[in-house]
Amino acid sequence: SLQPVILSGGSGTRLWPLSREAYPKQFLPLTSEHTMLQETVLRLDGLDAEHPRHAVGLAAPLLICNDAHRFLVAEQLRVIGVEAACIVLEPKGRNTAPALTLAALAATQDDEDPILLVMPADHTIRNESGFRAAVADAYLLAREGAVVTFGIVPSKPETGYGYIRQGRVYQAEGLAGRAYALDGFVEKPDAETAQGYLASGDYLWNSGIFVLKASLWLGLVERFCPDIAQAVGKAFVAATEDGDFLRLDADLFGASPSDSIDYAVMERLCGPDADADDLASAVVIPLDVGWSDVGAWSALWEVREQDAAGNVLDGDAFVHNARNNLLMANHRMVAAVGVDDLILVETPDAVLVASKESAQDVKAVIQFLQRQG
Ligand code: GDD
Ligand code: MG
């Protein structure tokens with residue numbers, strides 16, 4: 001069966017002031033009436049029905065989030081009528097490699113060796129059926145032992161993403177779409193390197209979505225990051241069940257090194273420690289489905305439907321002689337007159353005004369607030 005694993009522990013600070021530590025981006029309804037977490041779960045509806053010949057067998061989702069967000073997660077699933085297989089609670093985030101290791105251990109309890117579909121909880125995908133078709137193909141490949149990644153055609157030399165080098169066509173029986181050998185993986189290169197990758201035309205962005213067997217992930221972690229495997233293994237054995245929640249001891253889980261899937265395993269899979277089998281098993285499926293990780297307000301403006309003047313108005317917002325703005329007004333009326341390319345986000349206790357091209361710099365506000373304590 002295919003076990004969705006939803007990574008929901010991030011903090012999304014570049015979407016301040018709506019996204020906060022206590023209420024991060026994945027729990028906000030940014031792209032539809034559903035929150036991004038709900039969208040992530042709902043996007044899989046129809047997978048089995050649309051691809052009967054792939055015989056996927058979609059399981060109930062497994063979530064990994066911070067302990068502080070357990071009621072948010074439980075409530076948001078309840079609202080859409082979804083029962084989680086398990087909600088694993090991290091006392092403190094140790095980044096995605098320990099999180100996925102926990103998920104793999106938890107998922108292996110019920111099923112012999114499920115295939116994991118690892119999904120960030122805070123991405124948007126416009127063409128959902130296209131995404132499901134790619135996932136169905138990934139399932140076939142992962143069943144044969146592949147590590148499947150999903151690549152996005154890059155549009156700018158973004159340094160916040162991983163880059164995947166696309167190799168020759170990957171042959172496999174029963175695929176509906178295309179798959180390619182993965183010839184290299186570089187997480188968050190510097191600007192010059194990213195520019196080179198873009199110019200070469202050989203690279204795709206890593207979408208952050210992966211499909212692989214639970215046992216394969218556990219084996220890779222053991223090999224490349226034995227410290228994570230050991231600490232998370234110990235924490236998992238001592239975890240306590242509380243309804244749907246699985247709670248970890250803060251000291252035991254905290255003993256794990258903090259590292260991401262991408263640095264801890266994906267880069268190593270293509271690095272000097274890898275052997276020929278590793279490389280032969282790594283695959284990339286190109287995704288052309290309107291993917292965005294909504295990393296900043298400008299990205300939200302891009303993915304939301306714009307009116308004839310290019311404005312995105314959310315809530316009680318009014319514009320006059322204004323073009324290409326994003327206005328988020330949910331607590332009071334906001335009006336913009338004669339301004340272009342602006343971001344305006346109001347909340348009860350803070351208001352952001354920024355030019356769209358400076359959307360990434362919102363993190364300066366976070367740094368300022370952290371200094372203030
Ligand atoms: N449970 C849990 N615990 N989840 C976490 C943790 C953690 O400690 N840290 C992050 N997450 C979740 C986030 O909520 C997000 O859904 C996902 O894991 C990815 O983490 P990010 O912190 O957003 O990663 P990134 O954006 O820097 O980079 C990743 O995504 C890019 C695409 O958006 C990498 O996979 C890149 O290679 C990729 O290009
Ligand atoms: Mg991200």
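This one's a predicted model, so the numbers in the text were calculated from it and none came from an experiment.

On to the side chain of His123, then. Note on placement: His123 falls in the loop between strand 4 (115–120) and strand 5 (124–125). With sequence-adjacent residues up to four places away left out, His123 is seen in contact with Met36, Thr40, Arg43, Ser207, Trp291, Ser292 and Asp293.

What follows is about the site of ligand 1. Close contacts around ligand 1 come from 25 residues, with Gly10, Glu187, Lys188, Asn206 and Asp262 the closest. Interatomic distance of 3.0 Å between a backbone N/O atom of Ile64 and a nitrogen atom of ligand 1. Protein coverage of the free-state accessible area of ligand 1, which is 740 Å², stands at 85%. If one sorts the elements of the shell around ligand 1 by residue count, strand 9 (residues 203–213) sits on top with 3 residues.

Our focus in this paragraph is the packing of helix 4 (residues 96–107) against helix 8 (residues 226–237). Running from N to C, helix 4 and helix 8 point in directions that differ by 50°, and their axes come no closer than 10 Å. Comparing the axis directions of helix 4 and helix 8 gives the class oblique. Pair helix 4 / helix 8 crosses with right-handed handedness. Residues Ala97, Pro98, Thr101, Leu102, Leu105 and Ala106 of helix 4 form the contact with helix 8, whose participating residues are Ile228, Val232, Gly233 and Phe236.

A word on the domain arrangement of the protein. Splitting the protein by domain gives domain 1 (2–292) and domain 2 (297–372). If you average the C-alpha positions of domain 1 and of domain 2, the two centres end up 30 Å apart. Facing the 11 residues of domain 1 at the interface are 18 residues of domain 2. When domain 1 packs against domain 2, the two sides together hide about 1400 Å² of surface, and 68% of this comes from carbon and sulfur.

Quick look at the packing of aromatic side chains now. Taken as a whole and judged by the stated rule, the model has 6 aromatic pairs. Between the aromatic rings of Phe131 and Phe150, the centroid separation amounts to 6.4 Å while the plane-to-plane angle is 50°, which identifies the pairing as tilted. Of this pair, Phe131 sits in helix 5 (residues 128–143) while Phe150 is found in strand 6 (residues 147–152), placing the two residues 19 residues apart along the sequence. Phe150 shares its class with Phe131; the two are buried. Residues Tyr197 and Tyr203 carry aromatic rings whose centres are separated by 3.8 Å and whose planes lie at 20° to one another, so their mutual orientation is stacked. With relative accessibility at 14%, the residue Tyr197 sits in the buried group. For Tyr203, a relative accessible area of 13% translates into the label buried. Aromatic ring contacts, followed pair by pair, group Tyr161, Trp205 and Trp291 into a single cluster.

Bringing the pairing of strand 6 into the picture now. Within strand 6, 6 of the 6 residues are buried, which leaves the element mostly enclosed by the surrounding structure. Both faces of strand 6 are covered, namely the face carrying Val147, Thr149 and Gly151 and the face carrying Val148, Phe150 and Ile152. As judged from the 5 bridges shared by strand 6 and strand 12 (residues 282–286), these two strands associate in the parallel manner. Note on strand 12: the bridge partner recorded for Val148 is Val283. Where strand 6 and strand 9 come together, 4 bridges link them in antiparallel fashion. Bridge assignment links Thr149 to a residue of strand 9, and that residue is Phe210.

Okay, the pattern of salt bridges next. Per the stated rule, a full pass over the model turns up 15 salt bridges. For Glu50, the salt bridge identified is with Arg132, shortest N-O distance 2.9 Å. With Glu50 in helix 2 (residues 47–50) and Arg132 in helix 5, this residue pair connects regions lying 82 residues apart in the sequence. Taking the relative accessible area as the measure of exposure, Glu50 reaches 36% and is therefore partly exposed. Among the residues examined, Arg132 registers a relative accessible area of 9% and is labelled buried. Here Arg323 ties to Asp340 by a salt bridge, and the two come within 3.1 Å at their closest N and O atoms. Pair noted here: Arg323 is in the loop between strand 14 (312–320) and strand 15 (326–337) and Asp340 is in the loop between strand 15 and strand 16 (342–346), with a separation of 17 residues, a long-range link. Its relative accessible area of 45% is what places Arg323 among the partly exposed residues. Shared partners join several salt bridges into a network, and the residues in it are Asp67, Arg70, Asp242 and Arg247.

What follows concerns the sheet that holds strand 16. Ordered in space as 14-15-16-17, the 4 strands form an open sheet in which the pairing is mixed. This sheet does not close on itself; its edge strands, each paired only once, are strand 14 and strand 17 (351–355). Across the sheet, the mean angle separating the axes of adjacent strands is 20° when strand polarity is ignored. Bridge count between strand 15 and strand 16: 4 bridges; the pairing is parallel. Considered in strand 16, the bridge of Met328 is made with Val345.

What counts, and where the lines are drawn
- Residues numbered from 1 in each chain as written.
- Chains lettered and ligands numbered in written order.
- Predicted model: local features only at pLDDT ≥ 70, side-chain atom pairs only at ≥ 80, totals over all residues.
- Heavy atoms only, no water.
- Helix = DSSP H or I, 4+ residues; strand = E, 2+ residues; numbered from the N terminus.
- Contact = heavy atoms within 4.5 Å.
- Near = heavy atom within 4 Å.
- Polar contact = N/O pair within 3.5 Å; in protein donor to acceptor, adjacent residues only side chain to side chain.
- Areas by Shrake-Rupley, 256 points an atom, 1.4 Å probe, with all protein chains shown as cover.
- Axes fitted to C-alpha atoms, helices over the stretch in contact; angles between N-to-C directions.
- Parallel < 35°, antiparallel > 145°, perpendicular 65-115°, else oblique.
- Left-handed = near helix turned anticlockwise from the far one by under 90°.
- Domains from an automatic or database assignment.
- Buried area = accessible area lost by both parts, 1.4 Å probe.
- Phe/Tyr/Trp six-rings, centres within 6.5 Å; stacked < 30°, edge-to-face > 60°.
- Buried < 20%, exposed > 50% of the residue type's maximum accessible area, 1.4 Å probe, protein only.
- Pairing = 2+ DSSP bridges.
- Salt bridge = Lys/Arg side-chain N within 4 Å of Asp/Glu carboxyl O.

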